Amino acid sequence: MIVMLSLVIIVVVGYIAGKTGYMDEAFGKKLSALIVNITCPALIISSTMGEKLPERDMILPLLLISTITYAVLAVAAFFVPRLLTKKPSDEGVIGFALMFGNVGFIGYPIVASIFGHEAVFYAAILNVPNTFFVFTIGTMLIADERVPGQHRKLHFNHRLLYSTPMLAAYLSIIIVALGIKGVPEAISRPLTMIGNITVPGALMIIGSMMAQLSKRAMLGNKTVYATSLCRLVAIPLVFYLLFIFTPFSQLVVELNTVIIAMPVATYGTMLCLAYNRDTTLITEVTFVTTVLSMITIPLLTQLFG
């Protein structure tokens, strides 16, 4: 609880910085790019450069549990939204919100805070299937055929597989798989210091983004709150209870549960813009889930004992 309180305080600082003009929209975009493309990859790689390497036996179970999770969520994303809205044009956006959490931007800092620095490596592995699904099934959900001028179709940008966060994930997997140790401190220390920027930087950006939203977007509506509760509470609980009775280890199940308990992925907003969709719903549900996650994630971790 103290860890999450610390994270909330950093978000509040970011909110104040946004309101007072220290972190405007332009600055937030540049800092976001810096975190996604430089500090976050450094955080991922540095997680494999401690005194003890993460367990290599965790690689395949993490990939497997994540793939199963998103395969099941992909099916749910096409049917559950019908229960949450009466507007067919909103079903694709809601499906995306239910399926994808903000792993790369918020997930890594949260995992590092709860499980320790080395667990970032495990989160990076869990994020590999997420990245593939978000730009295939996720695109299909946003480009809903019931929206005039759009059609549900798979469109995958293969270059995302070679983005710096993904390259960092691949490199970290190789380091652990080959048991590479003894990285010179001249390399590991700067990587660690740069990676440490990720947690406070990402949280302050979230706070500054909240400061820019209108009161209307912050209030939400019944659909937004129903979607938020499904994303933050129902989905992680269902998968936790599902996997806890399988051969997967407790740590693998807990990591997967925390990752899928993240607020809605910001990629949803970018995809809506790319497909000329109204961004109101996705913006509202992204904001509400981000705020509520500061409460739901600490409560969820109480299950772990």
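So, a few notes on the structure that sits alongside this text. (Residues numbered from 1 in each chain as written. Predicted model: local features only at pLDDT ≥ 70, side-chain atom pairs only at ≥ 80, totals over all residues. Heavy atoms only, no water.)

1. Re a nonpolar patch on the surface
(1) Moving on: Side chains of Leu34, Ile38, Ile194 and Ile197 sit close together on the surface and give an oily, nonpolar patch of about 300 Å² of accessible area.
(2) Moving on: The partly exposed category is assigned to isoleucine 197, whose relative accessible area is 39%. (Patch = residues over 30% accessible without salt bridge, like charges linked within 9 Å, V, L, I, M, F, W, Y side chains within 5 Å. Areas by Shrake-Rupley, 256 points an atom, 1.4 Å probe, with all protein chains shown as cover. Salt bridge = Lys/Arg side-chain N within 4 Å of Asp/Glu carboxyl O. Buried < 20%, exposed > 50% of the residue type's maximum accessible area, 1.4 Å probe, protein only.)

2. A look at helix H2 (residues 25–46)
(1) Moving on: The end-to-end C-alpha distance of H2, which contains 22 residues, comes to 29 Å, matching closely the 32 Å that a straight helix rising 1.5 Å per residue would cover.
(2) Moving on: Considering bend angle alone, the principal kink of H2 is centred on isoleucine 35 and spans about 45°. (Helix = DSSP H or I, 4+ residues; strand = E, 2+ residues; numbered from the N terminus. Expected span 1.5 Å × (residues − 1). Bend = angle between axes of the 7 residues up to and from the residue.)

3. A short note on the environment of glycine 18
(1) Moving on: Counting through the fold element by element, glycine 18 comes out in helix H1 (residues 2–19).
(2) Moving on: For the pair glycine 18 and methionine 210, spaced 192 residues apart in sequence, the C-alpha separation works out to 8.1 Å.
(3) Moving on: Those residues in contact with glycine 18 that sit more than four places away from it in its chain are Met23, Ser208 and Ala211. (Contact = heavy atoms within 4.5 Å.)

4. A word on the packing of aromatic side chains
Here the distance between the centres and the angle between the planes together describe a pair of aromatic rings.
(1) Moving on: Inspection of every chain in the model, using the stated rule, returns 8 aromatic pairs.
(2) Moving on: Here the aromatic residues Tyr70, Phe96, Phe100 and Phe133 are joined through ring pairs into a cluster of three or more. (Phe/Tyr/Trp six-rings, centres within 6.5 Å; stacked < 30°, edge-to-face > 60°.)

5. As for the packing of helix H7 (residues 119–134) against helix H14 (residues 250–259)
(1) Moving on: Between H7 and H14, the least distance of the axes is 10 Å, while the angle of their chain directions is 65°. When the axes of H7 and H14 are compared, the pair comes out roughly perpendicular. For the pair H7 and H14, the crossing hand works out as right-handed. Contact residues: Ala119, Tyr122, Ala123 and Leu126 in H7; Leu251, Leu255, Asn256 and Ile259 in H14.
(2) Moving on: Here the residues of the contact of H7 with H14 sort into 7 nonpolar, 1 polar and no charged. (Axes fitted to C-alpha atoms, helices over the stretch in contact; angles between N-to-C directions. Parallel < 35°, antiparallel > 145°, perpendicular 65-115°, else oblique. Left-handed = near helix turned anticlockwise from the far one by under 90°. Nonpolar A, V, L, I, M, F, W, Y, C, P; charged D, E, K, R; others polar.)

Keep in mind these values describe shape, not function.
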